[in-house]
Amino acid sequence: MNFTITRQNLHQGLAAVSASIPTKTTLPVLSNILFEAGQDGVWMSGTDLDVAVRVWAQADVKEQGSLTAPGKKLQEIARELPDQPVEIQTRGDQIELRCGRSNFKLNGLPSEEFPTLPEVDFDEGWSVKGADLHQLIQRTSFAVSTEESRPILNGVLWELRDGQMRMVATNGHRLARMGVPAGSASAPSADFIVPPAALQQVQRLFQDDEEIGVARSGNHLGFRAGGTEVYTRLIEGTYPNYEQVIPKDNDKFAIVDKHQLASAVRRMAVVASDQTHRIRMAFEDGRVHLNVLTPDLGEGHDELELHYEGEGLEIGFNANYLLEVLRYMPTDEVRLTFKAPERAATVEPVSDDEPIDYLCLVMPLRLLD
Amino acid sequence: MTQPVPRILLVDCDAFYVQVARLEDPEGAGRARLLVVGGAGGRGVVTSASYEARAYGVRSAMPTAEALRLCPEATVVPVPRAACSARSREVRDALSRLSPVVQAASIDEFYLDLTGTERLFRGESLTETAERIRRTVLDETRISVSIGGGTRRLIAKLAASRAKPAGVYVVAPGEEEAFMRELRLADIPGIGPAFAEVLARRGLVHVRDALEVQPEWFERWFGPQRGRWLASRIRGEDASRVDPHEPRRSISSERTFFEDRDDDARLERTLARQAMAVAGTLRRQGLRARTVTVKLRDHDFRTRSASRTLPEPVETDQAVFEVARRLLGELRRRRRVPVRLLGVGLSGLQSEPGPHQLALFDEAEPLESDRDRTVTRVLDTLRERFGADAVVPGRVLGDAPRGGDVSSSSDGAASPPRDERRRSARRPPPGDAR
């Protein structure tokens, strides 16, 4: 293998791929990036066995071939090189880089040792708008669980049905759900549970204005646009019935400016317990009182004017859950609904224009006293 | 009103375990110039060594056998744990009479905050105050201490290393950066050997080298959080306060085996015993823990650990053991070689039972139920009356520590040995430690 590539193309390619390389691995080849030089360019691939990223970069190829070489080291080298063409060639199991007067030889591993990437046929797939996909990912994936006890909740549920696509994520204490029109007519009716790490790569590597090709093959999902491909293993299992826990009979509601509410909650959170982050909210006609009382530390009180309809209600929350949900609300005004102190509260955007299909749930903390 | 200039001291006992061993046994340890305190036998580890023995290269956390190779004349004595706790309390009591705010950072280190005491001490300089405190502590407790001083905890801590042994070193306000310039990066708490090596590979060994680097580069190299942390640390910045009520951060128990162990069933038995020990301490202090950590040191001294943070805090032996057992299993699957040391730690400690976070879906089987907790409390009562081994689960039978095994624990009274303490008592730098 022998090719010449601009430093910028090399650095961009490596930067795109190396984020998918595991930081710790027992399989040495996974710390490497696979180079495959074809006719007029090079594919660079990296994977942690769950998620794989593959990027094409233009290059002047003298001799086709392939090899794997240490990803992080290459990326560090590419970052420090001057802006000149970089010549890369294999010497046995070594890879040699020349750029200006700099010259590096790094030990590689044969490409046969690199795991085979999933074969996904994009002609069999469908396409989605980058902006739509990003929107769904950004506003839901924050809510996934990081606990190992229920692996299914470690993924984001992506539902395609009746011309709609939806993403849902939850850790069992709070939940985010968003929907947009599916866009492409060829979209199937299907559910996928996607690891958030893969969605992060999708967000990082694709642009809003790109049409992203999506296809499934067996237990893998592939995303493709431009010269960039992301593959991911899907999480197997049945996602809990989230529809069932979305309250339909919440009869108390508040409309409030999300920035004002968030800053009041943040103020209270300062004095809240480091472990439970509990704050207490008492809603009444025209206002909400926020309270916090933490043994050994002290107490805080704040109040905020808002529009509230329904019987008075006192309810406790983990301040962090509330703040997170508010942060992802796309509108300045939000609508909160409640039923009772121990039932799920909902938070939704309030928009004068088209309604936004976005809903977050937060389960309260039980108030013991 | 202008902010008063902070006046922080770190009082660090000189070779504390050595001093206590000598005071406890004036005829034996008291006469040995070359003294090593720690586990004897083939597997023991040095807890502390006299300054004379350190001159031979003996260091804390080194196997005692290696210490004896370096310094064959040394006398080895066991750690006088009970006496160490008692002497530590005496030092602390003496300091409480000398300073308004005292925080015990470990068994032999105490931070004092003397901010605003200039008038009280009639214009005495911080160096003079430190000298006075040093002398008074020595008179009252017979423990020799070194004292570092400065405007921040970090500066006081680094100055104390300069003051050792039996001295005082105070960095005057405004002199922090000049003082830092002379240090090596590896001297800064939070920069461990691995990170120091990464820095050295970039040509950064002394603080003065790193001060030349623009902070943006640190962020580019090590990520924003860690980069910013480094940039502020090398300038001697440290916003942490001397807080006498800083809560305990962890409880742990470790055992170094007399012979390396490779048998999973036996390792689990030891683990069960350790889970009982740490969970027992936890309950005695009225706490619950959210994070369980298992630590292994393999026969080749490679140390590995795995931890898990639970959705709800736990307190029973059974729950701690269940989580620890899974973690041990993971560690063993990754690398199955003979084990030299096994340990269990609990962190994320909380005292209040806490308001209950309600769940959207039916919870999976909880790790411990109210019934489990009640049963455990009944067992605690029995153990209190009839001894720790009055009632034990079958799985720990046959796991009495063998002659030559060395155990250490960190719970309220005693503090972990020096090498462990760095990890449990200090806040690690943000980000990944590599």
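Up top you'll find the structure we're talking about.
Caption draft 1: Quick look at the overall build of chain B. Looking only at helices and strands, chain B has 15 helices and 13 strands in total. Per-residue burial over chain B gives 49% buried out of 434 residues. Counted over contacts in chain B with a minimum sequence separation of 6, partners at least 24 positions apart contribute 68%. Total accessible area on chain B stands at roughly 20700 Å², and carbon and sulfur atoms take up 50% of it.

Caption draft 2: The arrangement of the overall build of chain A in detail. Broken down by element type, chain A carries seven helices and 26 strands. Scored against the burial criterion, the 369 residues of chain A give a buried share of 53%. The contacts of chain A with a sequence gap of at least 6 include a subset with a gap of at least 24, amounting to 66%. With an accessible surface of roughly 17000 Å², chain A has 44% of that area assigned to carbon and sulfur atoms.

Caption draft 3: Examining the side chain of B:Thr64 more closely. Residues and elements named next belong to chain B. With respect to the secondary-structure elements, Thr-64 resides in helix α3 (residues 64-70). Exposure remark for Thr-64: the relative accessible area of 2% places this residue in the buried category. From its side chain, Thr-64 meets the backbone nitrogen of Val-45 in a polar contact 3.3 Å long.

Caption draft 4: Structural view of the state of the cysteines. Under the definition given, this model contains zero disulfides over all chains. For B:Cys13, which is in no disulfide, the shortest distance to another cysteine sulfur is to B:Cys84 and amounts to 9.9 Å.

Caption draft 5: Unusual backbone geometry, seen in detail. At the junction of B:Lys164 and B:Pro165, the peptide bond is cis and its omega measures out at -10° in the coordinates. Topologically, B:Pro165 is positioned in the loop between α6 (153-163) and β8 (168-170). Even without glycine at this site, A:Asp162 takes up a positive phi of about 50°. Relative to the helices and strands, A:Asp162 resides in the loop between β11 (156-161) and β12 (164-170).

Caption draft 6: Structural view of helix α1 (residues 16-24) of chain B. Residues and elements named next belong to chain B. Burial of α1 is extensive: seven of the nine residues sit out of reach of the surface. Among all positions of α1, only Phe-16, Tyr-17, Val-18, Gln-19, Val-20, Ala-21 and Leu-23 are buried. Each element contacted by the buried residues of α1 is listed here: β1 (8-13), β2 (35-38), β3 (46-49), β4 (75-77) and α4 (81-96).

Caption draft 7: View of the pairing of β2(B). Residues and elements named next belong to chain B. Side chains of β2 alternate between two faces, with Leu-35 and Val-37 and Val-36 and Gly-38 buried alike. Here three bridges tie β2 to β3, and the two strands are oriented antiparallel to one another. Of the residues in β3, the one forming a bridge with Val-37 is Ser-48.

Caption draft 8: The packing of helix α6 (residues 258-271) of chain A against helix α7 (residues 319-328) of chain A, seen in detail. All names here are of chain A. The N-to-C vectors of α6 and α7 enclose an angle of 155°; their axes lie 10 Å apart at closest approach. Considered as vectors, α6 and α7 are oriented roughly antiparallel to each other. The way α6 lies across α7 gives a crossing that is left-handed. On the side of α6, the interface is formed by Lys-258, Leu-261, Ala-262, Val-265, Arg-266 and Ala-269, while α7 contributes Ala-319, Leu-322, Leu-323, Leu-326 and Arg-327. Taken together, the residues of the contact of α6 with α7 sort by class into eight nonpolar, no polar and three charged.

Caption draft 9: Looking closely at the nonpolar core. Membership of the largest hydrophobic core comes to 101 residues, with the highest contact counts inside it found for A:Phe35 and A:Trp158. Here the element with the most residues in this core is α7(A); it accounts for seven residues. Residues B:Leu114, B:Ile133, B:Val137 and B:Ile147 belong to the second largest nonpolar core, which totals 35 residues.

Caption draft 10: Representation of the environment of B:Leu68 in the model. Residue and element names in this part refer to chain B. Within the element layout of this structure, Leu-68 appears in helix α3. Along the primary structure Leu-68 and Tyr-56 are separated by twelve residues, whereas in three dimensions their C-alpha atoms are 9.9 Å apart. The contacts of Leu-68, once residues within four sequence positions are left out, are Ala-74 and Val-76.

Caption draft 11: Representation of the interface of chain B and chain A within the structure. With 24 residues of chain B at the contact, the number on the chain A side is 34 residues. Taking both sides of the interface into account, the surface hidden between chain B and chain A amounts to around 2500 Å²; carbon and sulfur atoms contribute 55%. Sorting the residues of chain B by area buried against chain A places B:Leu358, B:Leu360 and B:Phe361 first, and these three jointly supply 31% of that buried surface. Linking chain B with chain A are zero salt bridges, by the criterion used here. The tally of links between chain B and chain A comes to four residue pairs in polar contact (both at pLDDT 80 or more). Secondary structure elements with two or more residues in the side of chain B that touches chain A: α10 (215-222), β11 (303-314) and β12 (339-350) of chain B. Take the side of chain B that touches chain A: its biggest share by element is four residues, from β11(B). Taken together, the residues of the side of chain B that touches chain A break down into nine nonpolar, five polar and ten charged.

Caption draft 12: Structural detail: the pairing of β1(B). Residues and elements named next belong to chain B. Counting buried positions over the six residues of β1 gives six, a clear majority of the element. Across the two faces of β1 the burial is the same, with Ile-8, Leu-10 and Asp-12 and Leu-9, Val-11 and Cys-13 all buried. Judged from the six bridges that link them, β1 and strand β7 (residues 145-150) form a sheet pairing that is antiparallel. Each bridged residue has a counterpart across the sheet, and for Ile-8 the counterpart in β7 is Gly-150. Pairing between β1 and strand β6 (residues 109-113): five bridges, direction antiparallel. Residue pairing in the sheet places Ile-8 in a bridge with Asp-113 of β6.

Caption draft 13: Just a nonpolar patch on the surface, in detail. On the surface, a cluster of nonpolar side chains totalling about 280 Å² of accessible area is made up of B:Val378, B:Leu382 and B:Phe386. Note that B:Leu382 resides in helix α14 (residues 370-386).

What counts as what
- Residues numbered from 1 in each chain as written.
- Chains lettered and ligands numbered in written order.
- Predicted model: local features only at pLDDT ≥ 70, side-chain atom pairs only at ≥ 80, totals over all residues.
- Heavy atoms only, no water.
- Helix = DSSP H or I, 4+ residues; strand = E, 2+ residues; numbered from the N terminus.
- Buried < 20%, exposed > 50% of the residue type's maximum accessible area, 1.4 Å probe, protein only.
- Contact = heavy atoms within 4.5 Å.
- Areas by Shrake-Rupley, 256 points an atom, 1.4 Å probe, with all protein chains shown as cover.
- Polar contact = N/O pair within 3.5 Å; in protein donor to acceptor, adjacent residues only side chain to side chain.
- Disulfide = S-S within 2.5 Å.
- Pairing = 2+ DSSP bridges.
- Axes fitted to C-alpha atoms, helices over the stretch in contact; angles between N-to-C directions.
- Parallel < 35°, antiparallel > 145°, perpendicular 65-115°, else oblique.
- Left-handed = near helix turned anticlockwise from the far one by under 90°.
- Nonpolar A, V, L, I, M, F, W, Y, C, P; charged D, E, K, R; others polar.
- Core = buried A, V, L, I, M, F, W, Y, C linked by side-chain atoms within 4.5 Å.
- Buried area = accessible area lost by both parts, 1.4 Å probe.
- Salt bridge = Lys/Arg side-chain N within 4 Å of Asp/Glu carboxyl O.
- Patch = residues over 30% accessible without salt bridge, like charges linked within 9 Å, V, L, I, M, F, W, Y side chains within 5 Å.

Read these as geometric descriptors, not functional statements.
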